[in-house]
Amino acid sequence: MLRFLGQRAAMGLLTIFVTTIAVTLLIHLVPGDPVEIMYAQSQGTTPEQIEAMRSSLGLDQPIPVQYLHFVGRLLQGDLGVTIRGQQSVAQLLLQRLPNTLALAALAMAIATLIGMPLGFLAAYKRGTLLDGVLMVTAIAGISIPHFWLGLLLLFWLAVDLGILPVAGSGPLNIVLPALTLGLSNAAIVARMTRSAMIDVMSQDFIRTAHAKGLPKSRVLRRHVLRAGLVPVVTVMGLQFAFMMGGAIVVENIFAWNGIGRLALEAIFQRDYPVIQGFILVFATTVVVVMLALDAVYALLDPRIRRS
Amino acid sequence: MPMRTRLGSALLALVAGTAIPATASAGDIVWARYGDIDTLDPHRATSTLSLQVWSLIYDTLLATDKDGKPVPNLAESWEASPDGTEYTFKLHEGAVCHDGTPLDANDVKYTVDRAFDETNPSVTKASWGPIEKVEVVDPTTVKFTLEKPFVALIPFLADSFSSIICNSNEGKDGFGTSVAIGSGPWKFASWTKGDQIVLEKNPDYKNFGKLADNPGAPYEDRLLITTVPEPQARLAGLKTGAIDVAEPPLDDVAMLKESGDLDVVTAENTGQNVFFEFAVHRPPFDDVRARQAVAYATDPEAAISLIYGDLSMPEQCPISRGVFGNDQEFCAKHRPQYDPEKATELLGEMGYAPDKPLEVNLLVWTGGKRDKLAEVFQAQLAAVGIKADIQMMDIGTMNARVRQENENPEGKGSMDMMTWSWYDPDILYALWHSPGAYRGYTSPELDAMLEKTRVLTDQDERRKAVEDVMAHLLEKAIHVPLYTPGWEWVFAVRPEVEGFKVAPFVYPIFSDVKIADKD
């Protein structure tokens, strides 16, 4: 078990490392220079000053050197300062990460609470009208883009009914973005649960369980659910990563002050230290969540921890 | 299931730990914008979003009247020496910084010295001009000495780029993020980056010259400046009353005006200029005829009224209304006016015909319905045999692309719909004086003309020099003006909010705002 988790952790570190390199290269492929963007559209800075600023930020150096500087600083626990406004990147990220984690966790809870029972129900009632209706709804749910669903919910719940706040960061403000993110993911969870359960239900040991006379509810709870959950949990790990990404769009709609919005702004401003910091934190979060799920996975399925 | 319970409690802890910022209450004005400030330090950023907030916290030596002309403010009068190298400002008595210290000549000197700091000068140091030194003559008199004349100094001192920073900020930790002591109508209370800025009214404020009817402190207690990037969410907030003032989605403006649910205020004299420019170092736009053909082929008036209705208007000059030297009649005489036949003729001379169209790229900055506008221009160009391929991109990418296109001696013809704003014709110096903001068109003749606009202290002589520059740019179709204003200039206002106005160069004013009965 420990060896298994150790291997996974090593893989995770490698993933983070490769991601930071890829992102450093990618952001430099996008045309545009942070210093120029900062001063674009209005005059006031001389070309010499722009050059001086660029060299003080180290932007005039080759990309591999810039990356080494980034890693060097990182090993000292320093993520640098933003190009715009010169604020601590670490502080900015730490301020905003809890908001995104709360959003993703609540959305995950919504997706699970809605998606799992419905998926299970659809599997149990497989081939019936109910199954059809549920799965068509699920496909619709997967297909609706976040921003569209978000705006619909916004105008329905906040403007027409007036029961939820529109945008910002009060305690109730998390509900609309979480609902948006949660509902579209509930559809995915439902579909995954359904197919995993159907898969398990058709296996020999279930037939055996039925044949040896176990009550139906006990078969479903003890055997089907337990075995069927393993693939669902794996997918939920991927879902969580996916949700962190989806949070970028949703946070922007509802002005939820999370890390995704910070990243979006940073990309438009080519604020490299923020983008690098964001990717690092984002990748780490995803890796940690995956790792935690691997542990859950191993707990649920003895074959994995023994291998 | 234990897993679910653990998830649930972790979730609760997270939600509880999330910061709960100040929420709006009576006496609060809530102003929502698409983005946040970069910093509260007026020497560290140049974005309009930042400038608008500085203008509320800090005061300036001069201010602008509704036409964009510099007028006295903290300085009740000023004098320039005949050779234009010395400016003496006489300050009003009774201006007070937010920490209670009086604002005097020492604060002015502190601000300028800070902008010219050896190790960390202001990012807009160059706009102050060649200032050699600033002397405190007495507490209400301050003298600027320049190496050589620089007439753009006066309009600069009326803009928030030159915000007077009280010297009590010196050495304060967190200046620019958690500390900002000014002397403007609103006191800085707090800033949560990406979320909101809280300002409180400055009860000691005296309005010496800013464009507000209110002679003193603002009427409302607090001003909350929040960031809401999604236009539809801002509209939703305006509808529910969570937001008092915000830029609405442009597509909904006509409907809002008609329904009367919200008032619509548009900024005038924004200084914003949207124009066509070209990659002039390679065919086809190295040929003046190709550039003129574009100018003759396009009808900004028709395009704008189609896309923006009466929210924006055609602009004939390379510097927009509100900026010194702007003269619609003069510019109209020099700018090629809509004449598709003439365009076809010029293209014919160059060997292009309907069956052999001129193919170019048209780069356009995303947002503000500019994609729709570009399609109208595309259709107008197509009518004379110019096939323009629209490429939408964010402003950062576009700035880089335009420069690349100018530096690239080969490739498809390239033109772009560029957008700049400034409060003085000195903008033309930044754009077109060698080496040029985007390494585009330059010429020794134009350089000489631009240099003159910087040093002539006589208003009439300077106006003439600016006109020479504009005529040059327009006749050669280097800078083809299209319209003004062009971005973030429309404000939707709740009906119970009275007295909201926008000063020239898009500075919203909240000193006069009274909220009738907010629920």
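This is a predicted model, so every value here is computed, not measured. (Residues numbered from 1 in each chain as written. Chains lettered and ligands numbered in written order. Predicted model: local features only at pLDDT ≥ 70, side-chain atom pairs only at ≥ 80, totals over all residues. Heavy atoms only, no water.)

**Q** What should I look at first to understand helix α8 (residues 288–297) of chain B in this one?
**A** Residue and element names in this part refer to chain B. Within α8, eight of the ten residues are buried, leaving the element largely enclosed by the surrounding structure. Looking only at α8, the buried set comprises A290, R291, Q292, A293, V294, A295, Y296 and A297. Capping of α8 at its N-terminal end is provided by D287; its side-chain oxygen lies 2.8 Å from the backbone amide nitrogen of R289. (Buried < 20%, exposed > 50% of the residue type's maximum accessible area, 1.4 Å probe, protein only. Helix = DSSP H or I, 4+ residues; strand = E, 2+ residues; numbered from the N terminus. Polar contact = N/O pair within 3.5 Å; in protein donor to acceptor, adjacent residues only side chain to side chain.)

**Q** Could you clarify how one ought to interpret unusual backbone geometry in this entry?
**A** The phi angle of most residues is negative, glycine excepted, and most peptide bonds adopt the trans form. Residues and elements named next belong to chain B. The amide bond that connects P283 to the next residue, P284, takes the cis arrangement and shows omega of 0°. Position of P284 relative to the elements: it lies in the loop between β13 (272–278) and α8. For the bond running from S434 to P435, omega is 5°, close enough to zero to count as cis. Mapping P435 onto the fold places it in the loop between α14 (426–432) and α15 (444–455). In this structure, K369 is a non-glycine residue whose phi angle is positive, near 60°. Position of K369 relative to the elements: it lies in the loop between β15 (358–365) and α12 (370–383).

**Q** Would you take a moment to explain the pattern of salt bridges for this structure?
**A** It is possible for side chains bearing opposite charge to pair when their charged atoms get close. Residue and element names in this part refer to chain B. Summed over all chains, the structure comprises 27 salt bridges over all chains. A salt bridge links D67 to K66; the nearest nitrogen and oxygen atoms lie 3.8 Å apart. D67 sits in the partly exposed class, given a relative accessible area of 46%. Notably, a salt bridge pairs R282 with E405, separated by 2.5 Å at the nearest N-O pair. Of this pair, R282 sits in the loop between β13 and α8 while E405 is found in helix α13 (residues 395–407), placing the two residues 123 residues apart along the sequence. For the pair shown, R282 and E405 are each scored as buried. In the salt-bridge network here, residues are joined through shared partners; they are D41, R44 and R114. (Salt bridge = Lys/Arg side-chain N within 4 Å of Asp/Glu carboxyl O.)

**Q** How do you make sense of helix α1 (residues 2–29) of chain A when you look at a structure like this?
**A** For the α-helix, the turn length of 3.6 residues means that residues three or four positions removed from each other point alike. With 28 residues, α1 of chain A extends 41 Å from end C-alpha to end C-alpha; this agrees with the ideal 40 Å at 1.5 Å per step. For α1 of chain A, every residue scored as buried is listed here: F4, G12, I16, T20, V23, T24, I27 and H28 of chain A. (Expected span 1.5 Å × (residues − 1).)

**Q** What is the right way to read the packing of α15 of chain B against helix α16 (residues 459–475) of chain B from this model?
**A** Two numbers describe a pair of packed helices, the interaxial angle and the distance between the axes. Residue and element names in this part refer to chain B. It is the contact of α15 with α16, at a shortest axis distance of 8 Å, that shows an interaxial angle of 150°. Taken together, the axes of α15 and α16 lie roughly antiparallel to each other. For the crossing formed where α15 meets α16, the hand is left-handed. Contact residues: E445, L446, M449, L450, K452 and T453 in α15; R462, A465, V466, D468, V469, H472 and L473 in α16. (Axes fitted to C-alpha atoms, helices over the stretch in contact; angles between N-to-C directions. Parallel < 35°, antiparallel > 145°, perpendicular 65-115°, else oblique. Left-handed = near helix turned anticlockwise from the far one by under 90°. Contact = heavy atoms within 4.5 Å.)

**Q** I tried to follow the sheet that holds strand β18 (residues 480–484) of chain B on my own but got confused; where do I start?
**A** In any sheet, the strands associate via hydrogen bonds between backbone groups, in a parallel or an antiparallel arrangement. Residues and elements named next belong to chain B. Taken in spatial order, the six strands line up as β14-β18-β13-β17-β15-β16 in an open sheet, and their pairing is mixed. In this open sheet, the two edge strands, each paired with only one partner strand, are β14 (313–314) and β16 (386–393). Contacting β13, β16, β17 (413–421) and β18, α8 runs over the sheet at an angle of about 135° to β13. (Pairing = 2+ DSSP bridges.)

**Q** I'm lost on the packing of aromatic side chains in this one. Help?
**A** Two numbers describe a pair of aromatic rings. These are the distance of the centres and the angle of the planes. All names here are of chain B. The final tally for this structure, using the stated rule, is 19 aromatic pairs over all chains. On the basis of an interplanar angle of 40° and a centroid distance of 5.7 Å, the ring pair of Y308 and Y483 is categorised as tilted. Taken together, the residues span a long stretch of sequence, with Y308 in helix α9 (residues 300–308) and Y483 in strand β18 at a distance of 175 residues. By relative accessible area, Y308 is classed as buried at 4%. For Y483, a relative accessible area of 0% puts it in the buried group. With a centroid separation of 5.3 Å and an interplanar angle of 50°, the aromatic rings of F500 and F510 are classed as tilted. (Phe/Tyr/Trp six-rings, centres within 6.5 Å; stacked < 30°, edge-to-face > 60°.)

**Q** Sorry, what's going on with the domain arrangement of chain A here?
**A** Quite often, the size of an interface is put as the accessible area lost when its parts meet. Residue and element names in this part refer to chain A. By domain assignment, chain A separates into domain 1 (2–75) and domain 2 (90–306). If you average the C-alpha positions of domain 1 and of domain 2, the two centres end up 31 Å apart. In this assembly, 21 residues from domain 1 lie in contact with 16 residues from domain 2. When the area that domain 1 buries against domain 2 is broken down by residue, the three leading residues are F4, I16 and I27, summing to 29%. Applying the counting criterion to the domain 1 and domain 2 interface returns one salt bridge. Close ionic contact of D294 with R8 constitutes a salt bridge, the shortest N to O distance being 3.1 Å. Inspection of the domain 1/domain 2 interface yields one residue pair in polar contact (both at pLDDT 80 or more). (Domains from an automatic or database assignment. Buried area = accessible area lost by both parts, 1.4 Å probe.)

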